[in-house]
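Report on the structure
In case you want the letters, here they are:
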Amino acid sequence: MISKQILYNSFSQESYSPEERSPQGWMAIAGFLLLTVVCYFAGATAALRLIYPVTALLVAVFLYLRHPILYIGFTWWICFLTPLATRLVDYRVGWDPTRQMLIAPYLVVFVTIATFLKRFKSAYYQGGLPFILAFIGVFYGFLVGLIYNAPVPVARGLLDWLGPIIFAFHLFINWRDYPTYRQNFQRTFLWCVLILGAYGVYQFVVAPEWDRYWLIQSKLFMSAGNPVPFGMRVWSTLHSVGPFGSVMQAGLLLLFTSSGSLIFPASAVGYLSFLLTQARTNWGGWLLGIIMIVGSVKTRIQMRLITIIVVMAICVVPLTTIEPISKVVSARLETFSNLEEDNSFRDRSQSYDKNLSLALSNALGNGLGNIWKVNEKTGQIEVVVIDSGILDMFFTLGWFGASFYMGGLILLIISVSKYGEGRFDSFISAARAIGISSATQLVIGSGMLSVAGMILWGFLAMAMAGHKYYLQENFSRRGAETQRGKVENTYPNL
């Protein structure tokens, strides 16, 4: 006898997520790690400057083609750990002013250009207009850069600007796998907070020799502190304080959507290292994210989040009373009450006063690669730091390119702000909060580039993917219920 369930299943389609725990994928990642360790300790350390980015790219291509979920996690970890690997190599064989190992994360991320080129034509009809607009803005800046700037800085700028957009597009366009991608994000950032947070505390207390060596060679004492124990502003495994602050801000907010025994130890070291960054911008972003998350979920989830916050505070606050941690954190918190006398605040204010009218009058822009210059004394290529994402956009892309880029970002923010799925899916609520709070920080930092840009664009894209997934799920459920009704009407006696 034919059952109703069999007839119902014949009208429905089950969607299966790609298998994540593939032995081949893990073997490729393990092989990459083993090769890196062997080269480092077997006398081929200098060769890692070429071997590391090349093999990372090969593994990324393999995972992208065969194991797409593992590719996402691998990409994040390459972004998290490559700066530390670079410092270890520099400490062992000497300073490399070209920083060529740091190209590895950009190459791994840029693999997703295949997704963009393949799905570009249909992206508009699937809701991908924000990514198309941003791509047009960056591509315009690339063309202008080819006219005004040297090819190598232009290519580096293209990787910096375009990588976050195409990576986010890849996440969005694979919305059918949203549950698996969500789980991957939660697991990756849980371990990220635990490992990077623990190393950040170790860095502050011990000041490892390779970190001291990097700080001395880079001469970033104003932004990263002094190369002595208890004297550094923590940047952990990242390449500076700002990117680490962005990563930890996202990871700590995402912890509210996770569960398991590692949550509280991860929170303890995570929040402690986050405070030791002394990154007030990211502290404010975290607070804004908390407000957005708590205000957008159901009452039951609100109570759970508030309970977690209280327990985390009980775990973390006693640690901040230990000297000299308490001295560092308290001194930084006190600056909020007197921002007019703060050097950082004054520098940013002066930068806006000096550059805002100049940036807004730059109709065509200077193109990608314009922030790179050659130091006439040392002959080394250096980065011109612009402490404002808004100024950076107009200087680089001009009015024409910035209109497309900002238009895409604003359209994306407006779209995710309207979603109601965050009330029952706390990940969507957290992803939206992370993306919007990151966007607000563009006023005082270029948070649309590199790993900070991946967090900004990537989490907004995940919120879009979740929204589209639930829309399709509801549509399929209604269609299935209709088909079930047809079956029951046709076979009333089953």
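Reading guide: rules and limits
Residues numbered from 1 in each chain as written. Predicted model: local features only at pLDDT ≥ 70, side-chain atom pairs only at ≥ 80, totals over all residues. Heavy atoms only, no water. Axes fitted to C-alpha atoms, helices over the stretch in contact; angles between N-to-C directions. Helix = DSSP H or I, 4+ residues; strand = E, 2+ residues; numbered from the N terminus. Parallel < 35°, antiparallel > 145°, perpendicular 65-115°, else oblique. Left-handed = near helix turned anticlockwise from the far one by under 90°. Contact = heavy atoms within 4.5 Å. Buried < 20%, exposed > 50% of the residue type's maximum accessible area, 1.4 Å probe, protein only. Arc of directions from axis to C-beta. Phe/Tyr/Trp six-rings, centres within 6.5 Å; stacked < 30°, edge-to-face > 60°. Lys NZ or Arg CZ within 6 Å of the ring centre and 35° of its normal.

Turning our eyes to something else, we now look at the packing of helix α3 (residues 48–66) against helix α5 (residues 103–110). Interhelical geometry of α3 versus α5 gives an angle of 20° and a closest axis separation of 9 Å. Classed by the angle they form, the pair α3 and α5 counts as roughly parallel. Of the two possible hands of crossing, α3 and α5 adopt the one that is right-handed. Contacts between α3 and α5 involve Y52, P53, A56, L57 and A60 from the former and I103, A104, L107 and V108 from the latter.

What follows is about helix α6 (residues 113–123). Along α6, the positions that sit buried rather than exposed are I113, T115, F116 and A123. Buried positions in α6, seen along its axis, are confined to an arc of 120° and lie on one side of it. Exposed side chains of α6 directed beyond 90 degrees from the buried face belong to L117, K118 and K121.

Moving on, we come to the environment of A431. Along the chain, the position of A431 falls in helix α19 (residues 426–440). The exposure class of A431 is buried, given its relative accessible area of 0%. Remark: the alpha-carbon pair of A431 and A461, spanning 30 residues in sequence, is separated by 8.5 Å. Excluding residues within four positions of it along the chain, A431 makes contact with F459, L460 and A463.

The full count for this structure, using the stated rule, is 41 aromatic pairs. Ring centres 5.6 Å apart and planes at 90° place the aromatic pair W76 and F167 in the edge-to-face group. Note that W76 is positioned in helix α4 (residues 68–93) and F167 in helix α8 (residues 151–173), a separation of 91 residues in sequence. Like W76, the residue F167 is buried in the burial classification. Centre to centre, the rings of F424 and Y470 are 5.1 Å apart; their planes meet at 80°, and the pair counts as edge-to-face. Residue F424 is located in the loop between α18 (389–417) and α19, and its partner Y470 is located in helix α20 (residues 450–490); the two are separated by 46 residues in the primary sequence. Residue classification places Y470 among the buried positions, given a relative accessible area of 12%. One cation-aromatic arrangement involves R92 over Y40; the distance from NZ or CZ to the ring centre is 4.7 Å. It is R99 that lies over the ring of W95; its NZ or CZ is 4.3 Å from the centre.

Within the secondary structure, T281 sits in helix α14 (residues 280–296). The partly exposed category is assigned to T281, whose relative accessible area is 24%. Between the C-alpha atoms of T281 and G445, which are 164 residues apart in sequence, the distance is 8.9 Å. Once residues lying within four places of it in the same chain are set aside, the contact partners of T281 are Q441 and I444.

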